[in-house]
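Observations on chain architecture
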Amino acid sequence: MSSAIPLNVGIARSAGSGSVDADGGKRVLLAEPRGYCAGVDRAVETVEKALEKHGAPIYVRKEIVHNRHVVDTLREQGVIFVDETDQVPEGALVVFSAHGVSPAVHESAASRNLRTIDATCPLVTKVHQEAKRFARDDYDILLIGHEGHEEVEGTAGEAPEHVQLVDGPDAVDRVTVRDESKVIWLSQTTLSVDETMETVQRLRQRFPTLQDPPSDDICYATSNRQVAVKAMAPECDLVIVVGSRNSSNSVRLVEVALGAGAKAAYLVDFAREVDLAWLDGVRTIGVTSGASVPDILVRGVLDLLAEHGFEDVQPVTTANETLVFALPRELRTSRR
């Protein structure tokens, strides 16, 4: 879960001010990678393919991903979003969101004879499997995450008798365990890497034999987007993060930008939400987006900035992402 930043990230630095390019003009630093991760791409395509195969309406439990534009677009195409499976007509088709669900949700769907397609991100499924494995071995599982987040509810539901939620460093003092030699931490996949490791450090001060998960739980995309923001933030008078307020990884990017040295940082869903007063006196603007954000929304922000003199766009590339996840088996094209 390294937060090391490559030195060569393509930022043109001037000898004078850290926030003005060599020509003294306005510029945009555009984070790469940004936007859709493999899990989000798979989840959105799952719903689109289900619509093609089965026709509207298609039911989706919770938001398929945490992005207003994506949800509104799918709703216009005939998707009905519900909070629980008991809102789905018996025998209908329901898709489970990328954030995952607990066994109780699967049982509820089965009791109503619902046809289901599970669009849970495979990286979230990995954490579910870890929770089940360590519960079978009778560990106390300390799940670092945000209370009420769907992913946390799904993971905790795999082993409710063994899982305790630890919502940040300040929650560490309230943790109790049965046997300090059998304690492991897991985490929500979309957290701040730095805050998570601070929480782990404090947990380890209390429980020196605390075990780490078999592999990083914070997903590659969350980590990569935070690294890119850290690389450009010290150069930025302003960072604009495109993403929805219920998107944990998007909210974390604002926090990471401020923590890494940006003078200001804001979260917007759409270009129209950019307050032009933010641009006063600004020379360097960083732009990025959360892992559930289609790039068309970023392009809208770049177009707006260009209209106000920020036409010079410089990429800040800290990683290249090539991972692709297969669709759920119900939607895969059969081979002949």
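Check the entry above for the structure.
The paragraphs below set out a description of the structure included in this document. These numbers were taken from a predicted model, which means no experiment stands behind them.

Time to look at the state of the cysteines. The tally for this structure, following the rule as stated, stands at zero disulfides. The cysteine cysteine 121 is free of any disulfide, with cysteine 37 supplying the nearest cysteine sulfur at 6.0 Å. Note on cysteine 121: relative accessible area 11%, which makes it buried.

Counted under the stated rule, the structure contains 19 salt bridges. The partner of arginine 27 in a salt bridge is glutamate 235, with the nearest N and O atoms 3.1 Å apart. With a gap of 208 residues between them, arginine 27 in strand E1 (residues 27–32) and glutamate 235 in the loop between helix H7 (220–232) and strand E9 (238–242) connect regions that are remote in the sequence. Notably, a salt bridge pairs aspartate 295 with arginine 299, separated by 3.3 Å at the nearest N-O pair. Taken together, the residues aspartate 295 and arginine 299, both in helix H9 (residues 295–307) and four residues apart, mark about one turn of the helix. Connected through salt bridges with shared partners, the residues Glu32, Arg34, Asp295 and Arg299 form a single ionic network.

The next point concerns the sheet that holds strand E3 (residues 79–82). The pairing of strands in a sheet happens through backbone hydrogen bonds and is either parallel or antiparallel. Reading across from one edge, E3-E2-E4-E5 is the order of the four strands in this open sheet, with parallel pairing throughout. A strand with exactly one partner marks an edge of an open sheet, and here the two such strands are E3 and strand E5 (115–118). Across the sheet, the mean angle separating the axes of adjacent strands is 30° when strand polarity is ignored. Here strand E2 (residues 58–61) pairs with E3 via four bridges, running parallel. The residue of E3 that forms the bridge with arginine 61 is valine 82. Strands in contact with helix H3 (residues 103–111) are E2, strand E4 (93–96) and E5; relative to E4, the strand with the most contacts, it is inclined by about 175°.

Here is what the cut-offs are and how they apply
Residues numbered from 1 in each chain as written. Predicted model: local features only at pLDDT ≥ 70, side-chain atom pairs only at ≥ 80, totals over all residues. Heavy atoms only, no water. Disulfide = S-S within 2.5 Å. Buried < 20%, exposed > 50% of the residue type's maximum accessible area, 1.4 Å probe, protein only. Salt bridge = Lys/Arg side-chain N within 4 Å of Asp/Glu carboxyl O. Helix = DSSP H or I, 4+ residues; strand = E, 2+ residues; numbered from the N terminus. Pairing = 2+ DSSP bridges. Axes fitted to C-alpha atoms, helices over the stretch in contact; angles between N-to-C directions. Contact = heavy atoms within 4.5 Å.

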